[in-house]
Amino acid sequence: MGVGLPMGFIIALIVLLAAVILYGTWSRKKIYKNIDRLESWKIEIMNRPVTDEISKVKRLKMDGQTEMKFETWRSEWDDIITVELPEVEEKLFETEDAADKFRFRRANAILTDIKGILNHVEERIDGLLMDLEQLVTSEEQNREDIVSVKEAYHEAKKELLTNRRNFQKAVIPIEKELQEIDNAFESYDNESEKGNYLEARETLLNARKRLDSLQVKMNAIPALFTELKTTLPEQIKELRDGYRDMLDQGYVLEHLTLDEELEGLEGRLGSLVFEVEQTEIGHSQEEIKDIHERLEMLYDQLEQEVASRKFVVKQAPSVKEQIVATDNEVARLKSETELVQLSYRIEQEDLEIQEELENDMEQLKKKFRETEEAVREQKESFSMLQEKLEGMKDRLAVLEGRRSEHEEMLRTLRKDELKAKETLSSLRKQLIEAKRLVQKSNLPGIPDHHLADLELAAEKLDEVEERLNEKPLEMAIVNRILDEALEEVGSSL
């Protein structure tokens, strides 16, 4: 009697077998689902209206490029229908067979291959339809655009014919450009007749671009010639005449080098005229703008000289009066300083300020005499003379400020003397009153040091009075001793 298999092993074997069967069923079902999806994708591709789209080309002129592309697209679509998609069909059957035999890895590999083929087919169809659309659209756009481009061309020719004189020598390159555009129209017609609509499109777009550029030039050239041959030369002449009139009136203008500037600008005008005659307007427009700015600057410089002359004529007498007045004040201050110096000791630095004022005044008078001579002898421009006069006015203001400060210092010395005398008189009265009270009271036992303080205070006051009588009077020392006397009197009372 044989030994039976353990019940647990049998159960495990049954479970494993069931799992394998379930996995196989699930995998096969998944593969079938993918097969159905790819089959639908293939049918969708087959049903795309590619043939109808290709047939649209037949309404075009079937020649040259159009015919060649038509044959290429039709051949490519035939290849997709007869080769690529049947291959996909075979691979779908192969996938299904592999799934039925539980060769799932093989089935999935084929599915990946099919997906790649269909993606490639989609890309080929999209590219085909895009090229087709470009060709058909080019033909449609050409038929629309050629009308407006030719209208613009005829307008340009009419403008040139009607206003030929306004374009002067630029007529030659303009006519040449118009002729080349006309030749482009012929090329466009030839390419269209041959069915080369894409080349015709490129030719037409290039012609429109050249025509747009030419129209911009034709709109600008007459005005540029007016600027270069009339407006700017007249401005230069007007500026030169004004410059020479100002020279005759006594203006000194050599620093402006205006003649050289104007000659240089006239030379630039000649070069720019040649450029415009060649229809090269971009650089010319920038140069004309620059010349206008330069002329404006030269005008401003001449106007500045006129304004400066008015300033000099008006302000020179006023500055002279200020110089004379300030000089008299400095001289008066010098006399006052010498007088005060007899009675007071003035610090060396204050005396040096007086000397500096006198030296600065002499320098200022010298500069003004030189300025008067420059005006009389026409040695300097009025703008430079204005700058010098303005500098003198500023210097006079500084000198007057320093002179006032010095004069105030002298007044302060006298004020300090008077104040010291008043303080001395007041202190003497206080001290006398203190002594009188002591004598009147005749009280015994008054401390000796108190009497000594009164005597010391009296001595300080005598010293102050002695210093006030010295010549020259040194107020710094007087004020110091006076402060000591105040302290002594205060402590003795």
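Residue positions are given per chain, counting from 1 as you read along its sequence in written order. Residues qualify for local features only when their pLDDT is at least 70, as the model is predicted, and side-chain atom pairs are given and counted only at 80 or more; totals for whole chains, interfaces and linings, by contrast, use all residues. Excluding hydrogens and water, the side-chain values take into account all heavy atoms of the structure.

Asker: Got a minute to help me understand the overall build of the chain in this structure?
Answerer: Strands are runs of DSSP state E lasting at least two residues, helices are runs of H or I lasting at least four, and both sets are numbered from the N terminus onward. Per the secondary structure count, the chain includes 13 helices and zero strands. Mapped from its N terminus to its C terminus, the chain presents α and β elements in the order α-α-α-α-α-α-α-α-α-α-α-α-α. Burial analysis of the chain (493 residues in total) assigns 34% to the buried set. Only heavy atoms enter the contact rule, under which two residues are in contact if any of them lie within 4.5 Å. Taking contacts inside the chain between residues at least 6 apart in sequence as the whole, the part at least 24 apart equals 79%. Accessible area for the chain stands at about 29900 Å²; split by element, carbon and sulfur atoms hold 51% of it. Only protein chains enter the accessibility calculation, which uses a 1.4 Å probe; a residue whose area is less than 20% of its type maximum is buried, one above 50% is exposed, and one in between is partly exposed. Only the protein chains shown count as cover for residues, and the accessible areas themselves come from Shrake-Rupley with a 1.4 Å probe.

Asker: In this structure, what is going on with the packing of aromatic side chains? I would like to understand it.
Answerer: One pair of aromatic rings is described through two measures. These are the centre distance and the angle between the planes. Aromatic contacts are taken between Phe, Tyr and Trp rings whose centres are within 6.5 Å, Trp giving its six-membered ring; a plane angle under 30 degrees counts as stacked, one over 60 as edge-to-face, and the others as tilted. In this structure the tally under the stated criterion is two aromatic pairs. Between Tyr153 and Phe185, the aromatic rings sit 5.3 Å apart at their centres with planes inclined by 90°, giving edge-to-face as the arrangement. Residue Tyr153 is found in helix H4 (residues 104-162), and its partner Phe185 is found in helix H6 (residues 171-193); the two are separated by 32 residues along the sequence. Comparing Tyr153 with Phe185 shows no difference in burial state: the two are buried. When the ring of Tyr251 is compared with that of Phe382, the centres are 5.4 Å apart and the planes differ by 75°; the resulting orientation is edge-to-face.

Asker: How should I be thinking about the packing of H6 against helix H7 (residues 197-248) in this particular structure?
Answerer: Helix packing for two helices is described by the angle between their axes and how far apart those axes are. Helix axes are fitted to C-alpha atoms over the stretch in contact, other axes to C-alpha atoms as well, and angles between N-to-C directions run from 0 to 180 degrees. Contact geometry for H6 and H7: axes closest at 9 Å, N-to-C directions at 160°. When the axis of H6 is compared with that of H7, the two are roughly antiparallel. Seen from above, H6 lies across H7 with left-handed handedness. Here H6 contributes Ile174, Glu177, Leu178, Glu180, Ile181, Ala184, Phe185, Ser187, Tyr188, Glu191 and Ser192 to the contact with H7, which in turn contributes Tyr197, Glu199, Ala200, Thr203, Leu204, Ala207, Arg210, Leu211, Leu214, Met218 and Ile221. All amino acids are sorted into three groups, where Ala, Val, Leu, Ile, Met, Phe, Trp, Tyr, Cys and Pro are nonpolar, Asp, Glu, Lys and Arg are charged, and the leftover types, Gly among them, are polar. Within the contact of H6 with H7, the residues separate by chemical class into 14 nonpolar, three polar and five charged. In this scheme, roughly parallel covers angles under 35 degrees and roughly antiparallel covers those over 145, while 65 to 115 is roughly perpendicular and the rest are oblique. Each crossing gets its hand from how the near helix is turned against the far one by less than a right angle, where anticlockwise is left-handed and clockwise is right-handed.

Asker: Would you explain the pattern of salt bridges in this entry?
Answerer: Side-chain pairing between opposite charges can occur once the charged atoms of the two side chains come close. Just to be clear on terms, a salt bridge is a Lys or Arg side-chain nitrogen sitting within 4 Å of an Asp or Glu carboxyl oxygen. Evaluation of the coordinates by the stated rule reveals 26 salt bridges. The partner of Glu336 in a salt bridge is Arg332, with the nearest N and O atoms 3.2 Å apart. Within this pair, Glu336 and its partner Arg332 are both found in helix H9 (residues 281-343), separated by four residues, close to a single helical turn. Ionic contacts of the salt-bridge type, sharing partners, join the residues Glu329, Arg332, Glu336, Glu400, Arg403 and Glu407 into one network.

Asker: What's the story with a negative patch on the surface in this structure? I'm lost.
Answerer: The grouping of Glu347, Glu349, Glu352 and Glu355 at the surface amounts to a negative patch. The class of Glu349 is exposed, set by a relative accessible area of 56%. Nonpolar side chains (Val, Leu, Ile, Met, Phe, Trp, Tyr) are joined into patches within 5 Å and like charges within 9 Å, using only residues with over 30% relative accessible area and no salt bridge. His residues and chain termini do not enter the charge count, which takes Lys and Arg as positive and Asp and Glu as negative. For charged residues, the charge sits on one atom: NZ in Lys, CZ in Arg, CG in Asp, CD in Glu.

Asker: What should I look at first to understand the environment of Met409 in this one?
Answerer: Within the secondary structure, Met409 sits in helix H11 (residues 382-441). Taking the C-alpha atoms as reference, Met409 lies 8.5 Å from Asp350; in sequence the two are 59 residues apart. Met409 has contacts with Ile346 and Asp350, leaving out every residue within four places of it along the chain.

Asker: Would you mind showing me how to read the packing of H7 against helix H8 (residues 258-277) here?
Answerer: In contact at an axis separation of 10 Å, H7 and H8 are set at 170° when each is read in the N-to-C sense. What the angle tells us is that H7 and H8 run roughly antiparallel. For the pair H7 and H8, the contacting residues are Ile221, Leu224, Phe225, Leu228, Lys229, Leu232, Pro233, Ile236, Leu239, Arg240, Tyr243 and Arg244 in the first and Leu258, Asp259, Leu262, Glu263, Leu265, Glu266, Leu269, Leu272, Val273, Val276 and Glu277 in the second. Residue composition of the contact of H7 with H8, grouped by class: 16 nonpolar, no polar and seven charged.

Asker: Even after reading the chapter, I still don't get H8, so can you show me in this structure?
Answerer: Each α-helix winds once per 3.6 residues, and so residues spaced three or four apart point in a common direction. What a helix should span is 1.5 Å times the count of its residues minus one. Under the 1.5 Å per step criterion, the end-to-end length of H8 is 29 Å for 20 residues, consistent within 8% with the ideal 28 Å. Listed in full, the buried residues belonging to H8 are Leu258, Leu262, Leu265, Leu269, Leu272, Val273, Glu275, Val276 and Glu277.

Asker: Which parts of the structure should I look at to understand the side chain of Glu305?
Answerer: Tracing the backbone shows Glu305 in helix H9. Buried and unpaired, Glu305 has no salt bridge, with Arg309 as the nearest side chain of opposite charge at 9.0 Å. Nitrogen and oxygen atoms within 3.5 Å of one another constitute a polar contact, given that in protein one can donate a hydrogen and the other can accept it, and given that sequence-neighbouring residues count only through two side-chain atoms. Side chain to side chain, Glu305 and His255 meet in a polar contact 3.4 Å long.

Asker: Help me understand unusual backbone geometry, please; the structure alone is not making it clear to me.
Answerer: Working note: non-glycine residues mostly have negative phi, and peptide bonds are mostly trans. Despite not being glycine, Thr257 shows a phi value in the positive range, around 45°. Note that Thr257 resides in the loop between H7 and H8. Among the residues examined, Thr257 registers a relative accessible area of 38% and is labelled partly exposed. A positive phi angle, close to 60°, is found at Thr279, a residue other than glycine. Within the secondary structure layout, Thr279 lies in the loop between H8 and H9.

Asker: Looking at this model, I keep getting lost on H7. Mind explaining?
Answerer: When the terminal C-alpha atoms of H7 are compared, their 74 Å separation across 52 residues agrees well with the 76 Å that a helix rising 1.5 Å per residue should span. When the local axis directions of H7 are compared, the greatest deviation, roughly 40°, occurs at Glu227. Remark: Gly250 follows H7 within two positions and exhibits a positive phi of approximately 100°. Two axes are fitted around each residue, one to the seven residues ending there and one to the seven starting there, and the angle between them is reported as the bend at that residue.

Asker: Can you help me understand the side chain of Arg124 in this one?
Answerer: Of note, Arg124 is situated in helix H4. Take Arg124: its relative accessible area is 16%, and that puts it in the buried class. For Arg124, the contacting residues outside a window of four places in its chain are Glu76, Asp79, Ile80 and Glu84.

Read these as layout, nothing more, since geometry by itself doesn't imply function.
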